[in-house]
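# Overview (structure and organization)
One letter stands for each residue in the lines below.
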Amino acid sequence: MMKSNKKYFRSILIILLFIPPLFYIVNWIEGSRYENLRRYRLIILKNSVDIIIKENSFDKGWSKVIGAKQDSLLFNGADNLSYSKRGMDYEFGIFIQKGDRIVKHSNSDTLYVIRNKEKYYFIADYKTPLDSNAINKDLIIK
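These notes cover the structure that comes with them. Because the structure is predicted, anything quoted here is derived from the model rather than measured.

### Considering the overall build of the protein chain
Summing up its helical and strand segments, the protein chain has 2 helices and 8 strands in all. For the protein chain, the N- to C-terminal ordering of α and β elements is α-β-β-β-β-β-α-β-β-β. Within the protein chain, residue pairs in contact and separated by at least 24 positions form 58% of the contacts whose partners lie at least 6 positions apart.

See below:
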């Protein structure tokens, strides 16, 4: 009975020692992610955009785009209506590529991607995202 109590006590002690550092690491990673996202300007419903993509990446629902003129833009995820929904392969952030042109008209929820003379459209979600801590309110294009 005594050995069992020692094992139980050791197990609890080990768990208690590892949980706080784990929370710290997870918070640090998320904080770094938010700091990265805050360098981009969020595109909202009233903005218009006409940009050729120089670099792009996708980050948990956020599409990060750097344009040929060094504009750093952030798009909240968008659904693709040009194809039937078959998963993340057709999500806006995964779909766009270097060299694509993105066009969005003011007060429109539609994003157009022009690639090789083909035009694709996406309906963007302009609701406040769940991880709105990532938004740098000062960089929102007005």
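### Some remarks on a nonpolar patch on the surface
Among the surface-exposed residues, Phe9, Leu13, Ile14, Leu17 and Phe18 lie close enough to one another that they form a single nonpolar patch of about 560 Å² accessible area. With respect to the helices and strands, the residue Leu17 is situated in helix 1 (residues 2–37). Given a relative accessible area of 56%, Leu17 falls into the exposed group.

### Quick notes on the packing of aromatic side chains
Under the criterion given, the structure shown has 2 aromatic pairs. Aromatic pair Phe95 and Phe122: ring centres 5.3 Å apart, planes at 55 degrees, arrangement tilted. Residue Phe95 is located in helix 2 (residues 92–95), and its partner Phe122 is located in strand 8 (residues 118–124); the two are separated by 27 residues in the primary sequence. The exposure classification of Phe95 matches that of Phe122, with both residues buried.

### Here's the deal with the environment of Phe95
Phe95 sits in the buried class, given a relative accessible area of 9%. Between the alpha carbons of Phe95 and Tyr120 there is a distance of 9.9 Å; along the sequence they are 25 residues apart.

### As for the pattern of salt bridges
A complete count under the given rule lists 2 salt bridges for this structure. Arg101 is the salt-bridge partner of Asp50, the closest N and O atoms lying 2.6 Å from each other. Within this pair, whereas Asp50 is found in strand 2 (residues 49–59), its partner Arg101 is found in strand 6 (residues 101–104), the two being separated by 51 residues in sequence. Note that Asp100 and Arg115 form a salt bridge whose closest N and O atoms lie 2.7 Å from each other. With a gap of 15 residues between them, Asp100 in the loop between helix 2 and strand 6 and Arg115 in strand 7 (residues 110–115) connect regions that are remote in the sequence. There is no split in this pair, since Asp100 and Arg115 are both buried.

Rules and cut-offs
Residues numbered from 1 in each chain as written. Predicted model: local features only at pLDDT ≥ 70, side-chain atom pairs only at ≥ 80, totals over all residues. Heavy atoms only, no water. Helix = DSSP H or I, 4+ residues; strand = E, 2+ residues; numbered from the N terminus. Contact = heavy atoms within 4.5 Å. Patch = residues over 30% accessible without salt bridge, like charges linked within 9 Å, V, L, I, M, F, W, Y side chains within 5 Å. Areas by Shrake-Rupley, 256 points an atom, 1.4 Å probe, with all protein chains shown as cover. Salt bridge = Lys/Arg side-chain N within 4 Å of Asp/Glu carboxyl O. Buried < 20%, exposed > 50% of the residue type's maximum accessible area, 1.4 Å probe, protein only. Phe/Tyr/Trp six-rings, centres within 6.5 Å; stacked < 30°, edge-to-face > 60°.

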